[in-house]
Number of protein chains: 2
Amino acid sequence: MARAVVLLSGGLDSTVSAAIARDEGHELYALSFDYGQRHKRELESASRVAKALRARDHKVFSLNLAQFGGSALTDESIGVPTGREESQMGADIPVTYVPARNTVFLSVALAYAEVQEAQFIYIGANALDYSGYPDCRPEYFAAFERMANLATKRGVEGHPIHLKTPLLHMTKADIVRAGLRHKAPLELTWSCYQGGAVACGACDSCLLRLKGFKEAGVTDPVPYATN
Amino acid sequence: MARAVVLLSGGLDSTVSAAIARDEGHELYALSFDYGQRHKRELESASRVAKALRARDHKVFSLNLAQFGGSALTDESIGVPTGREESQMGADIPVTYVPARNTVFLSVALAYAEVQEAQFIYIGANALDYSGYPDCRPEYFAAFERMANLATKRGVEGHPIHLKTPLLHMTKADIVRAGLRHKAPLELTWSCYQGGAVACGACDSCLLRLKGFKEAGVTDPVPYATN
């Protein structure tokens with residue numbers, strides 16, 4: 001069974017991505033990051049999802065990107081946007097963009113993959129809903145994979161790493177449908193940018209998620225404050 | 001004055017690289033890593049070097065790569081090689097190789113550079129003396145730079161980052177000469193893989209360094225156990 005490092009934030013997308021990796025026959029090595037998020041709610045979800053998917057191992061890697069500042073997700077001085085019109089999303093790079101986040105996460109995943117001799121890295125990135133994030137585009141991932149195979153002992157020795165982005169061209173509704181098809185534990189996920197007892201239902205992330213479930217014609221199993 | 005993030009381990013190479021960045025007219029943002037090294041001696045050197053070079057800021061980023069294992073520099077179960085014949089060096093990928101280390105370090109440097117709006121990242125990598133490390137080759141750095149400019153907001157918005165590797169094609173003797181020419185504080189550096197009060201003089205890193213000073217015709221200002 002080939003090994004796969006799966007980036008697992010505890011959100012909807014990474015959970016579906018990990019469920020796909022499992023269904024593609026891989027042994028899962030889940031990797032989450034404690035990167036100075038304002039709340040740890042999604043890390044609790046990641047832990048539950050890793051167990052539900054029977055990951056061989058789950059590492060939570062501490063990485064204090066907040067010390068650099070520059071994002072609403074890690075910098076207390078920048079407000080998390082809520083209730084924006086959907087048409088405003090994706091027009092500019094959002095303030096929730098964390099500098100070089102995917103690059104840092106994928107680099108650590110690469111280190112983990114090399115030590116575990118994993119052939120695959122799965123990331124639940126999506127080019128449609130988050131088009132404002134430069135590090136969610138296909139050309140970025142292609143460039144990362146190319147770099148990775150020049151960077152590592154295994155790559156150089158003829159065991160290339162494959163960077164898999166199964167959700168890249170899916171709409172949020174497609175992702176929900178894929179999650180149901182692959183029996184992803186959607187009820188354990190957490191997508192909200194806020195850290196409340198239930199999801200806020202108003203931040204960009206909640207709005208996108210709710211829209212996805214609505215379009216897929218199913219009810220989101222996660223409770224919301226504004227339901 | 002353009003800003004440059006300089007990777008600063010506290011060793012000879014990164015110190016000379018940072019001194020070159022300073023002499024090229026940049027304001028320095030030094031970045032060191034506490035990555036589970038067996039000893040912290042080189043971090044003390046990094047701090048002294050950053051002060052000596054009048055860096056605008058110096059961040060020490062904690063990053064526990066040791067939790068993945070796989071290298072003699074972070075894994076207690078693998079011995080650090082000493083006293084090898086020089087001809088043996090570089091033939092294979094050495095056990096002191098840390099998985100994906102430069103990729104992880106450069107990714108964090110990229111995050112720092114983006115937040116500081118730095119145009120340059122300097123790394124003191126060398127393709128000659130460490131030819132066994134896949135992530136010290138010119139094609140690797142070119143691929144990283146390309147990826148970096150697809151990854152980041154600043155790259156996408158027409159402010160590309162330039163990855164500078166001023167020592168890439170230098171011999172160790174060339175690096176020593178460059179250090180003298182750029183008035184790098186060589187006396188503050190630490191290259192030894194061991195963490196003693198003075199350098200061991202026997203590990204690969206000490207042997208390469210001593211050979212470099214000898215070929216440059218100058219005395220290493222750092223004291224050695226075996227002198």
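Here the structure is a predicted model, which is why all the values come from computation and not from measurement.

### Describing the packing of helix α6 (residues 172-181) of chain A against helix α7 (residues 204-216) of chain A
Residue and element names in this part refer to chain A.
Turning to step 1, where the next piece is worked out: The geometry of α6 relative to α7 is characterised by a closest axis approach of 7 Å and an angle of 65 degrees between their N-to-C directions. Accordingly, the angle class assigned to the pair α6 and α7 is roughly perpendicular. Crossing handedness for the pair α6 and α7: right-handed. Taking contact as the criterion, the partners of K172, A173, I175, V176 and R177 in α6 are, on α7, L208, R209, K211, G212, F213, E215 and A216.
Turning to step 2, where the next piece is worked out: Split into classes, the residues belonging to the contact of α6 with α7 amount to six nonpolar, one polar and five charged.

### Some remarks on the sheet that holds strand β2 (residues 27-34) of chain A
Residues and elements named next belong to chain A.
Turning to step 1, where the next piece is worked out: Taken in spatial order, the five strands of this open sheet run β3-β2-β1-β4-β5, and their pairing is parallel. Strands at the two margins of the open sheet, each flanked by one partner only, are β3 (57-62) and β5 (162-164). Neighbouring strand axes in the sheet, compared pairwise and without regard to direction, differ in orientation by 25 degrees on average.
Turning to step 2, where the next piece is worked out: In this sheet, strand β4 (residues 120-122) lies alongside strand β1 (residues 3-7) in parallel orientation, the contact comprising three bridges. In the sheet register, V6 faces β4, and the bridge partner there is Y122.

### Focus on the interface of chain B and chain A
Turning to step 1, where the next piece is worked out: Listed as interface residues are 38 residues of chain B and, on the opposing side, 38 residues of chain A.
Turning to step 2, where the next piece is worked out: Listing elements by their share of the side of chain B that touches chain A, those giving two or more residues are β3 (57-62), α3 (101-116), α4 (138-151) and α5 (153-156) of chain B.
Turning to step 3, where the next piece is worked out: Counting residues per element, the side of chain B that touches chain A draws most heavily on α3 of chain B, which supplies 10 residues.
Turning to step 4, where the next piece is worked out: Of the residues assigned to the side of chain B that touches chain A, the class counts are 21 nonpolar, 10 polar and seven charged.

### Observations regarding the relation of the copies chain B and chain A
Turning to step 1, where the next piece is worked out: Superposition of chain B onto chain A requires a rotation of 180 degrees combined with a translation of 0.0 Å along the rotation axis, giving an RMSD of 0.0 Å. The transformation just described matches what one would write down for a two-fold rotation axis.
Turning to step 2, where the next piece is worked out: In this assembly the copies share their binding face: 100% of the residues contributing to the interface of chain B also contribute to that of chain A.

### Thoughts on the confidence of the model for chain A
Turning to step 1, where the next piece is worked out: Confidence along chain A averages 86 in pLDDT terms, with 84% of residues attaining 70 or more.
Turning to step 2, where the next piece is worked out: Taken over the whole predicted complex, pTM reads 0.88, whereas the ipTM for its chain interfaces reads 0.86.

### Focus on the sheet that holds strand β1 (residues 3-7) of chain B
Residues and elements named next belong to chain B.
Turning to step 1, where the next piece is worked out: Here five strands make up an open sheet; going across it, the order is β3-β2-β1-β4-β5 and the pairing parallel. Strand pairing shows two members of the sheet lacking a second neighbour, β3 and β5 (162-164), which therefore form its edges. Neighbour-to-neighbour, the strand axes of the sheet open up by a mean angle of 25 degrees, direction not taken into account.
Turning to step 2, where the next piece is worked out: In the packing of helix α1 (residues 12-23) onto the sheet, the strands contacted are β1, β2 (27-34) and β4 (120-122), and the crossing angle to β1 comes to about 170 degrees.
Turning to step 3, where the next piece is worked out: Here helix α2 (residues 41-52) sits on the sheet and contacts β2 and β3; the angle it forms with β2, its principal contact strand, is near 175 degrees.

### A closer look at the nonpolar core
Turning to step 1, where the next piece is worked out: The biggest cluster of nonpolar side chains holds 146 residues, and the ones touching the most others in it are V6, L31 and A109 of chain A together with V6, L31 and A109 of chain B.
Turning to step 2, where the next piece is worked out: Dropping the residues within four chain positions of it, L31 of chain A is found in contact with V5, V6, L7, L8, K59, F61, V108, A109 and Y112 of chain A.

### Description of unusual backbone geometry
Turning to step 1, where the next piece is worked out: The phi angle at R54 of chain A is positive, at roughly 55 degrees, despite the residue not being glycine.
Turning to step 2, where the next piece is worked out: Considering the arrangement of structural elements, one finds R54 of chain A in the loop between α2 (41-52) and β3.
Turning to step 3, where the next piece is worked out: Positive phi outside glycine occurs at K183 of chain B, with the angle close to 50 degrees.
Turning to step 4, where the next piece is worked out: When you line up the elements, K183 of chain B lands in the loop between α6 (172-181) and α7 (204-216).
Turning to step 5, where the next piece is worked out: According to the C-beta neighbour criterion, K183 of chain B is exposed, with 12 such atoms within 10 Å.

### Focus on the environment of V218 of chain B
Residue and element names in this part refer to chain B.
Turning to step 1, where the next piece is worked out: Positionally, V218 belongs in the segment after α7.
Turning to step 2, where the next piece is worked out: For the pair V218 and A173, spaced 45 residues apart in sequence, the C-alpha separation works out to 9.5 Å.
Turning to step 3, where the next piece is worked out: Beyond its immediate stretch of four places on either side in the chain, V218 contacts V176, L180 and F213.

### Observations concerning the packing of helix α4 (residues 138-151) of chain A against α4 of chain B
Turning to step 1, where the next piece is worked out: Closest axis-to-axis distance for the α4 of chain A/α4 of chain B pair is 9 Å, and the angle between their directions is 160 degrees. When the axes of α4 of chain A and α4 of chain B are compared, the pair comes out roughly antiparallel. In the crossing of α4 of chain A with α4 of chain B, the sense of the turn from one axis to the other is left-handed. Contacts from E139, Y140, A143, F144, R146, M147, L150 and A151 of chain A in α4 of chain A reach E139, Y140, A143, F144, R146, M147, L150 and A151 of chain B in α4 of chain B.
Turning to step 2, where the next piece is worked out: Looking at the contact of α4 of chain A with α4 of chain B residue by residue, the class counts come to 12 nonpolar, no polar and four charged.

### Points about the pairing of β2 of chain A
All names here are of chain A.
Turning to step 1, where the next piece is worked out: Counting buried positions over the eight residues of β2 gives six, a clear majority of the element.
Turning to step 2, where the next piece is worked out: Pairing of β2 with β3 involves six bridges; the strand directions are parallel. Bridge pairing links L31 to K59 in β3.

### Here's the deal with the pairing of β2 of chain B
Residues and elements named next belong to chain B.
Turning to step 1, where the next piece is worked out: In this structure, β1 lies alongside β2, joined through five bridges in parallel fashion. Considered in β2, the bridge of V5 is made with Y29.
Turning to step 2, where the next piece is worked out: In this fold, the crossover linking β1 to β2 by way of α1 has right-handed handedness.

Criteria and cut-off values
Residues numbered from 1 in each chain as written. Chains lettered and ligands numbered in written order. Predicted model: local features only at pLDDT ≥ 70, side-chain atom pairs only at ≥ 80, totals over all residues. Axes fitted to C-alpha atoms, helices over the stretch in contact; angles between N-to-C directions. Helix = DSSP H or I, 4+ residues; strand = E, 2+ residues; numbered from the N terminus. Parallel < 35°, antiparallel > 145°, perpendicular 65-115°, else oblique. Left-handed = near helix turned anticlockwise from the far one by under 90°. Contact = placed C-beta atoms within 7 Å. Nonpolar A, V, L, I, M, F, W, Y, C, P; charged D, E, K, R; others polar. Pairing = 2+ DSSP bridges. Least-squares fit on C-alpha atoms with pLDDT ≥ 70 in both. pLDDT = per-residue confidence, 0-100. Core = buried A, V, L, I, M, F, W, Y, C linked by C-beta atoms within 7 Å. Buried ≥ 20, exposed ≤ 12 C-beta atoms within 10 Å, placed from the backbone. Right-handed = clockwise from strand over helix to strand, strands pointing away.

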